[in-house]
Amino acid sequence: MTAFNDEAVTGDALRRALGVSRRRFLSTCTAATAAAVAAPVFGAAPALAQDGAEADSHDGGRSALVPPHKRGIILYTVRDAIGRDPLASDLPSGFREVFKQLSRFGYRQVEFAGYGQHANAPGGADLGTVQGAKLLRSWLDEYGLRAQGSHGFIPPSWPLTPSDLDTFKRYLEIANILGMEHMGTGGDPTGTPYRADWDLAAQKWNTLGAIARREGIKLYTHNHDSAYDFLLDGGPLDAQGRPTRSSGIRKLEYFLKVTDRKSVYLELDVFWAHVAQYKFHTYTAHDGSQRESVFDPAGLVVRNTNRFPLFHAKDGVVNPQSGLGYDMVPFGTGDIDYRAFFTRVGAKNYHNPMVEQDNAPSASVPGQSLEYARVGYNNLAALRARS
């Protein structure tokens, strides 16, 4: 990460904001897609793993930016392995075998993204029940893993219907059986840019967060880039009476201000936060002037440390031609400066980074997602503060 100012995110300003060298920036503009899938990126992983393992053994992991007990993965990364038919493949299949493999890599935490698996795997297709959760917990304990979060059920209704409330409470019960401290969702609190809608969403989340808190669970929302765009909260109104301009505050920054800090939390997806940094750097102020404001993901966390108990540790290679600013690659093989990020956010015994790669599964390479999970663990473990 670099320090941010109000420079326009073009040319050298963009390169500096993305934290890469001029040579790297120019080369990745035309070759990012090839770099994202090239085999050589994996050649460094064993050396990194050895470096991380040796450092952990020397000082118990105290020098690591991510301590051994905080190294996690969201199971969405290996969803193809969880859904694989164990009768049709020799590769790890289903929750139990995947837990075993992840534990062998070194992971100590997992985040769930649903409770379904292949019907032929031990326990059957649906483990999203009280009995299924007890079975999952026994496997987690067997392999020394802790469930730290889940993309669970957030009621669509507001005010809450009795049915939605009952379902929400059932998911909280499952979370407690699994031993989670957190339960969340993969969707934004609302899909609109208007302050009134975010105020309404805050009312709903404050209510849900209070229910979760009574059950000992921290409720969190996980977001992609659009939630870090600018809130529309002033200026001339459109034909529907809605504001058309911004004070410069971002939607999730506003959400943090109007929700209960003891009941509502966020999970920062570091990749998508960097996409937002690339995409959303100008806004129209209330007076009609154009303003520059470059998003600083680590700075947002530093200002709200206790509101971000979880991260998605997801990497990307710079590619302005993609429209997102980055192409997604295995963790530790891209251009996002995670050493700087974890150094800046600190509180390493509070935050829980979960390795994620949305595009890890491959129909043509059945073992790819687990291999990328191994690479991700090795690179997460190798992160050390600069001496």
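Residues numbered from 1 in each chain as written. Predicted model: local features only at pLDDT ≥ 70, side-chain atom pairs only at ≥ 80, totals over all residues. Heavy atoms only, no water.

The name recorded for the protein in an unreviewed UniProt entry is Sugar phosphate isomerase/epimerase family protein, from Streptomyces bluensis.

Q: What is the right way to look at the sheet that holds strand 8 (residues 264-269) in this model?
A: Within a beta sheet, neighbouring strands are joined by backbone hydrogen bonds and run either parallel or antiparallel to one another. Spatial ordering of the open sheet is given by 3-2-1-14-11-8-5-4, a layout of eight strands whose pairing is parallel. Two strands lie at the open edges of the sheet, namely strand 3 (146-150) and strand 4 (182-185), each paired on one side alone. Mean inter-strand twist for the sheet, computed between neighbouring axes without regard to direction, equals 30°. The pairing of strand 8 with strand 11 (residues 310-313) spans three bridges and is classified as parallel. Residue Glu267 lies in a different strand from strand 11, and its bridge partner there is Leu310. (Pairing = 2+ DSSP bridges. Helix = DSSP H or I, 4+ residues; strand = E, 2+ residues; numbered from the N terminus. Axes fitted to C-alpha atoms, helices over the stretch in contact; angles between N-to-C directions.)

Q: Got a minute to help me understand the pairing of strand 8 in this structure?
A: Side-chain direction in a regular strand flips from residue to residue, so the side chains alternate between the two faces of the sheet. Among the six residues of strand 8, six are classified as buried, and the element is accordingly described as predominantly covered. Residues Val264, Leu266 and Leu268 point to one face of strand 8 and Tyr265, Glu267 and Asp269 to the other, with burial holding for every one of them. Where strand 5 (residues 218-222) meets strand 8, four bridges bridge the pair, whose relative direction is parallel. In the sheet register, His222 faces strand 8, and the bridge partner there is Glu267. (Buried < 20%, exposed > 50% of the residue type's maximum accessible area, 1.4 Å probe, protein only.)

Q: What is the right way to look at helix 5 (residues 94-105) in this model?
A: Note: α-helices contain 3.6 residues per turn, so residues at a spacing of three or four share the same orientation. Here helix 5 spans 17 Å end to end across twelve residues, near enough to the 16 Å set by a 1.5 Å rise per residue. The secondary structure elements touched by the buried residues of helix 5 are strand 1 (72-74), helix 4 (79-82), strand 2 (109-112), helix 6 (130-142) and helix 13 (368-381). Gly106 sits one or two positions beyond helix 5 and adopts a positive phi of about 125°. (Expected span 1.5 Å × (residues − 1). Contact = heavy atoms within 4.5 Å.)

Q: How should the environment of Gln117 be read in this particular structure?
A: By secondary structure assignment, the location of Gln117 is in the loop between strand 2 and helix 6. Residue Gln117 is classed as buried on the basis of its relative accessible area, which comes to 8%. Sequence separation of Gln117 and Gly94 is 23 residues, and the distance between their C-alpha atoms is 5.7 Å. Beyond its immediate sequence surroundings of up to four residues, Gln117 is in contact with Ile82, Gly94, Phe95, Pro122, Gly123, Gly124, Ala125 and Leu127. Reaching out from Gln117, the side chain makes a polar contact with the backbone oxygen of Gly124 at a distance of 2.8 Å. (Polar contact = N/O pair within 3.5 Å; in protein donor to acceptor, adjacent residues only side chain to side chain.)

Q: What exactly am I supposed to notice about the side chain of Thr185 here?
A: Among the secondary structure elements, Thr185 is positioned in strand 4. Residue classification places Thr185 among the buried positions, given a relative accessible area of 13%. Setting aside chain neighbours within four positions, we find Thr185 in contact with Ser150, His151, Ile154, Trp205, Tyr220, Thr221 and His222.

Q: Whenever I open this one, empty space enclosed by the protein confuses me. Can you help?
A: If you roll a probe as big as a water molecule over the atoms, it shows you where there is empty space left. Tallying each qualifying case throughout the model produces three cavities of 30 Å³ or more. Approximately 50 Å³ is the volume attributed to the largest cavity. (1 Å grid on protein atoms, 1.4 Å probe; cavity = no way out; pocket = protein on both sides within 12 Å on 5 of 7 lines; lining within 4 Å. Points joined across faces, edges and corners; volume = space filled by probe spheres on them.)

Q: What is the right way to look at the pattern of salt bridges in this model?
A: Applying the stated criterion across every chain yields a total of twelve salt bridges. We note a salt bridge from Lys279 to Asp225, for which the minimum N-O separation is 2.8 Å. With Lys279 in helix 10 (residues 270-279) and Asp225 in the loop between strand 5 and strand 6 (234-237), this residue pair connects regions lying 54 residues apart in the sequence. Linking Asp296 and Arg344 is a salt bridge whose minimum nitrogen-to-oxygen distance equals 2.9 Å. A residue pair is termed long-range when its members are at least 10 positions apart, and Asp296 in the loop between strand 10 (290-292) and helix 11 (297-303) and Arg344 in helix 12 (residues 338-345) qualify at 48 residues. Accessibility expressed as a relative area gives 35% for Arg344, which makes it partly exposed. Overlapping salt bridges bring together Asp269, Lys314, Glu356 and Asp358 as one network. (Salt bridge = Lys/Arg side-chain N within 4 Å of Asp/Glu carboxyl O.)

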